[in-house]
Amino acid sequence: MKKLLTASLITTMAIGLFTGCSTGEENPNEGGLKVGVFYYNFSDIYISTVRSNMDDMLNDLGMDFQNYDAAGNQATQMDQINTAIANQVDLLIVNSVEISSMDIADVAKAANLPIIFFNREVTDDVILSYDNSAYIGTSSSEAGQLQGAMIGQYLVDNFDSVDLNKDGKISYVLFKGQEGNVEADGRTKYSVEDSNVILKAAGLPELEFYDVKNSSKYLVDQGGNWSAQAATDYMNVILAEYSEANNNMIELVIANNDGMAEGAISSLQNVGFNTGSGKTIPVYGVDATDSAKQLIKEGKMTGTVMQDAQAMASAVVLLAENIKNGEDLMANTDSYNVDETVDKIRVPYSIYSGN
């Protein structure tokens, strides 16, 4: 679906000036396309990597851009977007706090501004509601499927050593970043399902969630920030009861991102596991951040799924350059994997195990 570039990129309506609690960073470029780039949270490790790459690329193109940090607050992000529109930006690039971001699309449409959503997937109806919008992200199921493939094969190869209490099954904990997030849902579902397919094919029992009373079979970061601290806090409580001494030790950690994986490792290290030598619980994450790669190299983490921050930033900047050059928003995207019915570009994942 082609998106027609509107005749004017300057706001056509008067909007009152709002101020967010954090307006972020400005860049030194003046002139050229004026861009507002809105991040859900600067503290997210993966998002920080995307931001670093995008800053470099936008600077190379001479874009006049400003970064905004919503710090995980949707109301703050809306205030920041309204402020940017009042300051007559030409383009909105949005890493939205919430997936139901129709209000953001409506504001962009009313101001006659193109908008690029990225990373945190908005629903199809948000993109379909406005012809000059697009989304760049990943397939919600792919990370979970790749993570499940890694976990399943690792357990087939190492089942006896992972089964610490020798009860013939693997007890796991799964950290879900956020309820209602498309990526979190896909990773949570397929990491376990695809692991179990491989285990069953090898004649081995399916994974068993450590807490039989938890019907969801996952733990959520209640702050919605996919944070290392949330995983550390959970693990500290878990390990007080589910321990090697009690013969019911957690035997596998699955995390929806590397930050939560690292938080779990920190807690495991406090009880003598995952120090780089000796006793190790397999821990898997998503993103392949530099710190996670280092943990894998040191033998403290088992694997992760690479979400390519540079490729994500590059796709966003390509669409921004289209706007700068007066082309359709979705021009020059033939080499990308684009959904058939909605303008969503999918950046592929890949397995990272340090090999």
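The present account deals with the structure reproduced in this document. (Residues numbered from 1 in each chain as written. Predicted model: local features only at pLDDT ≥ 70, side-chain atom pairs only at ≥ 80, totals over all residues. Heavy atoms only, no water.)

## A few points about the environment of Asp 56
Spelled out, the test is: Secondary structure elements follow DSSP: runs of H or I of four or more residues count as helices, runs of E of two or more count as strands, with numbering from the N terminus.
Along the chain, Asp 56 falls in helix H1 (residues 45-60). For the pair Asp 56 and Ala 313, spaced 257 residues apart in sequence, the C-alpha separation works out to 9.6 Å.

## With respect to the packing of aromatic side chains
Rules: Two aromatic rings, drawn from Phe, Tyr or Trp (for Trp, its six-membered ring), form a pair once their centres lie within 6.5 Å of each other, and the interplanar angle then sorts them: stacked below 30 degrees, edge-to-face above 60, tilted otherwise. Each residue's exposure class comes from its accessible area (1.4 Å probe, protein chains only) as a fraction of the maximum for that residue type: buried when under 20%, exposed when over 50%, partly exposed otherwise. Comment: the charge-over-ring label is applied if NZ (Lys) or CZ (Arg) is within 6 Å of the ring centre and within 35 degrees of the ring normal.
A complete count under the given rule lists 8 aromatic pairs for this structure. A ring pair is formed by Tyr 39 and Phe 42, whose centres lie 5.8 Å apart and whose planes are at 65°; its orientation type is edge-to-face. Per residue, the accessibility class of Tyr 39 equals that of Phe 42, and both read buried. Where Tyr 210 meets Tyr 242, the ring centres are 4.9 Å apart and the plane angle is 90°; that geometry is what we call edge-to-face. In this pair, Tyr 210 sits in the loop between strand E8 (208-209) and strand E9 (219-220) while Tyr 242 sits in the loop between helix H7 (228-241) and strand E10 (252-255), placing the two residues 32 residues apart along the sequence. Take Tyr 210: its relative accessible area is 12%, and that puts it in the buried class. Look at Tyr 242 and you get buried, because its relative accessible area is 12%. The ring of Phe 42 has Arg 51 sitting right over it, with the charged end atom 3.8 Å from the ring centre. Lying over the aromatic face of Tyr 135, Lys 344 brings its terminal NZ or CZ to 5.6 Å of the ring centre.

## Quick word on the pairing of strand E11 (residues 283-287)
As a reminder, the rule being used: Each pair of strands is called paired provided DSSP finds at least two bridges between the two strands. A clockwise path from the first strand over the helix to the second, with the strands pointing away from the viewer, defines a right-handed crossover.
Summarising burial for E11: 5 of the 5 residues are buried, a large majority. Here E11 shows no split at all, with Val 283, Gly 285 and Asp 287 on one side and Tyr 284 and Val 286 on the other all buried. Across 2 bridges, the pairing between E10 and E11 is parallel. Bridging across to E11, Val 253 finds its partner in Val 283. Taken together, E10, helix H8 (residues 258-270) and E11 constitute a β-α-β crossover, and its handedness is right-handed. Running through helix H9 (residues 290-297), the crossover from E11 to the neighbouring parallel element strand E12 (residues 303-307) is right-handed.

Nothing here speaks to function; it is geometry throughout.
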